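Listed here are the chains, written in short residue letters.
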Amino acid sequence: QVRVVESGGDLVQPGGSLRLSCAASGSFVSINAMGWYRQAPGKQRELVATSTSGGSTNYADSVKGRFTISRDNAKNTVYLQMNSLKPEDTAVYYCNAQIKLRRGVPYYDYWGQGTRVTVSS
């Protein structure tokens, strides 16, 4: 069974920083892309940042220059360093991992349960 677990969400003041972590565990043969998405109250879930297994990254325009995604492939872990946080960054942040359970099958999307980030004074 595969688990994807996020951590690191908290209440932080505007201008502050947070680091989110997400680890995939269980029985699988490989992970392709890993990424972060967020969902603010009353809004649809949106992409924040993604990272391929080869290290290519992609960011939403709203977080470019403030957020940095990184991976530790040996630990099946992805991080999101968030700096210069704004109130509009307030949301539940979800981790996504594209995981291949065994050879010969496609990669499937697995999601974590979410971690809440609140940016407020």
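Residues numbered from 1 in each chain as written. Predicted model: local features only at pLDDT ≥ 70, side-chain atom pairs only at ≥ 80, totals over all residues. Heavy atoms only, no water.

Mapped onto the elements of the fold, D89 is located in the loop between β8 (77-82) and β9 (91-100). The class of D89 is buried, set by a relative accessible area of 0%. Within the structure, D89 has its side chain in polar contact with the backbone nitrogen of K86 (distance 2.8 Å). Sequence-distant contacts of D89, defined by excluding residues within four places in its chain, comprise R38, R66, F67, S84, V117 and V119. (Helix = DSSP H or I, 4+ residues; strand = E, 2+ residues; numbered from the N terminus. Buried < 20%, exposed > 50% of the residue type's maximum accessible area, 1.4 Å probe, protein only. Polar contact = N/O pair within 3.5 Å; in protein donor to acceptor, adjacent residues only side chain to side chain. Contact = heavy atoms within 4.5 Å.)

Glancing now at the sheet that holds strand β1 (residues 3-7). Read across the sheet, four strands follow the order β1-β3-β8-β7 without closing on themselves; strand pairing throughout is antiparallel. In this open sheet, the two strands that pair with only one neighbour each are β1 and β7 (67-72). When strand polarity is set aside, the average angle formed by the axes of neighbouring strands in this sheet is 15°. In this sheet, β8 lies alongside strand β3 (residues 18-25) in antiparallel orientation, the contact comprising six bridges. If you follow C22 over to β8, its bridge partner there is V78. (Pairing = 2+ DSSP bridges. Axes fitted to C-alpha atoms, helices over the stretch in contact; angles between N-to-C directions.)

The next point concerns the pairing of strand β4 (residues 30-39). Among the 10 residues that make up β4, seven are buried, leaving the element largely enclosed by the rest of the structure. The pairing of β4 with β9 spans eight bridges and is classified as antiparallel. Within β9, the position partnered with M34 by the bridge is A97. Here five bridges tie β4 to strand β5 (residues 46-51), and the two strands are oriented antiparallel to one another. Looking across to β5, one finds that M34 is bridged to S51.

Below, the discussion takes up the state of the cysteines. Tallied over the entire structure, the rule returns one disulfide. The disulfide partner of C22 is C95, and the S-S distance across this bridge is 2.0 Å. With the S-S dihedral at roughly -80°, the linkage between C22 and C95 falls on the left-handed side. Residue C22 is found in strand β3, and its partner C95 is found in strand β9; the two are separated by 73 residues along the sequence. Exposure remark for C22: the relative accessible area of 0% places this residue in the buried category. A relative accessible area of 0% places C95 in the buried class. (Disulfide = S-S within 2.5 Å.)

Counting 30 residues, the largest nonpolar core has W36, L80, M82 and Y93 as the members making the most contacts within it. Mapped by element, the contributors of at least two residues to this core are β3, β4, β5, β7, β8, β9 and β11 (115-119). In terms of residue count, β9 provides more of this core than any other element does, five residues in total. Look past the residues within four positions of L80 in its chain and what remains in contact with it is L18, R19, L20, W36, V48, A49, F67, T68, I69 and Y93. (Core = buried A, V, L, I, M, F, W, Y, C linked by side-chain atoms within 4.5 Å.)

So, on to the pattern of salt bridges. Counting across every chain of the model gives four salt bridges. Between R38 and D89 there is a salt bridge, with the nearest N and O atoms lying 3.0 Å from each other. Of this pair, R38 sits in strand β4 while D89 sits in the loop between β8 and β9; the two residues are 51 residues apart in sequence, bridging distant segments of the chain. On the basis of relative accessibility, which here comes to 6%, the residue R38 falls in the buried class. Put simply, R66 and D89 hold a salt bridge, and the shortest N to O gap is 2.7 Å. Pair noted here: R66 is in the loop between β6 (57-59) and β7 and D89 is in the loop between β8 and β9, with a separation of 23 residues, a long-range link. Across the pair, D89 and R66 agree in class, each one buried. (Salt bridge = Lys/Arg side-chain N within 4 Å of Asp/Glu carboxyl O.)

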